[in-house]
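Chain residues, written in single-letter form:
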Amino acid sequence: MQQLVVGIIGPRNATAAQIEAAEAVGAAFGALGLTVICGGRGGVMEAACKGALGAGGLPIGILPGIDPQEANPYVAVPLTTGLNEVRNIIIVRAARVLLAVGNSPGTLTEVAYGLHFDKPVVGVAGAAQLDGVYHTADAAAAVEATLARLLADLPMIAAN
């Protein structure tokens with residue numbers, strides 16, 4: 001299941017509702033044994049990592065700088081890039097599905113890259129209102145929608 005990577009994206013300066021939603025979705029994916037990938041810093045990223053790690057999942061942080069210490073304390077695998085915001089494209093390309101919790105300029109670039117690369121993008125808690133983003137009412141619905149898109153993306157195994 002760790003090969004199934006979900007990208008959780010969202011602002012560093014997140015609202016309390018966004019933090020709560022990010023931790024809830026991170027925990028849900030962690031409990032399922034999925035890998036969560038994000039920017040590895042604060043706000044939505046930290047909350048998602050906290051939820052995933054606390055539930056037994058694997059949170060990976062794709063960091064903008066070269067210092068692994070800039071990762072939040074819940075990142076299990078901090079990957080430094082030295083690419084600054086360009087690292088957003090790595091997050092998008094590594095994830096099978098993106099879940100946007102909230103919105104910010106950096107989050108918007110990840111959403112745009114996701115749509116450009118035909119990745120399913122699910123949104124919750126104030127995510128960008130763009131064509132192609134599937135919006136949900138709450139964290140539970142966001143998890144359900146993300147899982148549906150993740151499963152739809154998997155190749156079917158033919159029964160013998």
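A brief structural summary. (Residues numbered from 1 in each chain as written. Predicted model: local features only at pLDDT ≥ 70, side-chain atom pairs only at ≥ 80, totals over all residues. Heavy atoms only, no water.)

### Digging into the sheet that holds strand S1 (residues 5-9)
Alright, step 1. Pairing in this open sheet of 7 strands is parallel, and the strands run S4-S3-S2-S1-S5-S6-S7 from one edge to the other. Two strands bound the open sheet, and with one partner strand each, they are strand S4 (77-80) and strand S7 (133-135). If you compare each strand with its neighbour and ignore which way they point, the axes differ by 25° on average.
Alright, step 2. Pairing analysis gives 4 bridges linking S1 to strand S5 (residues 97-101), with the strands arranged parallel. Each residue of the ladder has a partner; that of Ile8, found in S5, is Leu99.
Alright, step 3. Each of S1, S5, strand S6 (121-124) and S7 touches helix H4 (residues 105-116); the most contacted strand, S5, lies at about 155° to it. (Pairing = 2+ DSSP bridges. Helix = DSSP H or I, 4+ residues; strand = E, 2+ residues; numbered from the N terminus. Axes fitted to C-alpha atoms, helices over the stretch in contact; angles between N-to-C directions. Contact = heavy atoms within 4.5 Å.)

### Remarks on helix H3 (residues 87-94)
Alright, step 1. For H3, the full list of buried residues reads Arg87, Asn88, Ile91 and Val92. Buried residues in H3, looked at end-on, bunch into an arc of 150°, giving them a common side.
Alright, step 2. Buried residues along H3 sit against S1, strand S2 (35-38), helix H2 (44-54), strand S3 (58-63), S5 and H4. (Buried < 20%, exposed > 50% of the residue type's maximum accessible area, 1.4 Å probe, protein only. Arc of directions from axis to C-beta.)

### Structural notes on the packing of helix H1 (residues 16-31) against H2
Alright, step 1. Interhelical geometry of H1 versus H2 gives an angle of 35° and a closest axis separation of 6 Å. Between H1 and H2 lies a crossing of right-handed hand. Between H1 and H2, the contacting residues are Gln18, Ile19, Ala22, Glu23, Gly26, Ala27 and Gly30 on the first element and Val44, Ala47, Ala48, Lys50, Gly51 and Ala52 on the second.
Alright, step 2. Taken together, the residues of the contact of H1 with H2 break down into 7 nonpolar, 4 polar and 2 charged. (Left-handed = near helix turned anticlockwise from the far one by under 90°. Nonpolar A, V, L, I, M, F, W, Y, C, P; charged D, E, K, R; others polar.)

### Things to note about the packing of aromatic side chains
Alright, step 1. Going through the model one piece at a time under the given rule, you end up with 1 aromatic pair.
Alright, step 2. Relative to Phe117, the ring of Tyr113 has its centre 6.4 Å away and its plane inclined at 25°; by these criteria the two rings are stacked.
Alright, step 3. Sitting over the face of the ring of Phe117, Arg93 holds its NZ or CZ atom 4.0 Å from the ring centroid.
Alright, step 4. One cation-aromatic arrangement involves Arg149 over Tyr134; the distance from NZ or CZ to the ring centre is 4.1 Å. (Phe/Tyr/Trp six-rings, centres within 6.5 Å; stacked < 30°, edge-to-face > 60°. Lys NZ or Arg CZ within 6 Å of the ring centre and 35° of its normal.)

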